[in-house]
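# Close look at the chain arrangement
Here is how the chains run, residue by residue.
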Amino acid sequence: SLVMKRLVGLEDDFLEKTDIGLINGIHKERIKNSIVKAMVNFSQDTNKKIIAEDIKEKSDLDISFLRGLKYGQGFYLGKPKQKVIDKKRNLQIF
């Protein structure tokens, strides 16, 4: 499949951003939680990094962090800007 060819051919440190709707509301939806958990496991197995996109609420940030995501962006974290490091959580914000 096209997705598999794309995943196998990745050469960057970063795997991808999560789909825009995947993180928003993750604290309320078990399926989103499971998908992110699988993505984190895959990224760890392949030494890739994932950016959690569309973080709009503190609870979404908290669950994303608990699931193992270490990179994030979204209006809860601030307007788009250069990379910032949240030292409290060891989280890089894009």
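One structure accompanies this document, and this report is about it. (Residues numbered from 1 in each chain as written. Predicted model: local features only at pLDDT ≥ 70, side-chain atom pairs only at ≥ 80, totals over all residues. Heavy atoms only, no water.)

Next up on the list: the pattern of salt bridges. Scanning all chains against the criterion turns up three salt bridges. One salt bridge connects E29 with K32, and the closest N-O pair in it is separated by 3.6 Å. Of the charged contacts, one joins D54 and K56 as a salt bridge, the two residues approaching to 3.7 Å between their closest N and O atoms. Judged by relative accessible area, K56 falls into the partly exposed class, the value being 44%. (Salt bridge = Lys/Arg side-chain N within 4 Å of Asp/Glu carboxyl O. Buried < 20%, exposed > 50% of the residue type's maximum accessible area, 1.4 Å probe, protein only.)

Okay, the environment of D60 next. Here D60 is to be found in helix α4 (residues 58–67). With a relative accessible area of 0%, D60 lands in the buried category. Taking the C-alpha atoms as reference points, D60 and I23, separated by 37 residues in sequence, lie 6.3 Å from one another. With sequence-adjacent residues up to four places away left out, D60 is seen in contact with I23, N24, G25, I26, H27 and I55. Among the polar contacts made by the side chain of D60, one reaches the main-chain amide nitrogen of I26 at a distance of 3.3 Å. (Helix = DSSP H or I, 4+ residues; strand = E, 2+ residues; numbered from the N terminus. Contact = heavy atoms within 4.5 Å. Polar contact = N/O pair within 3.5 Å; in protein donor to acceptor, adjacent residues only side chain to side chain.)

Purely geometric stuff here, so don't read any function into it on its own.
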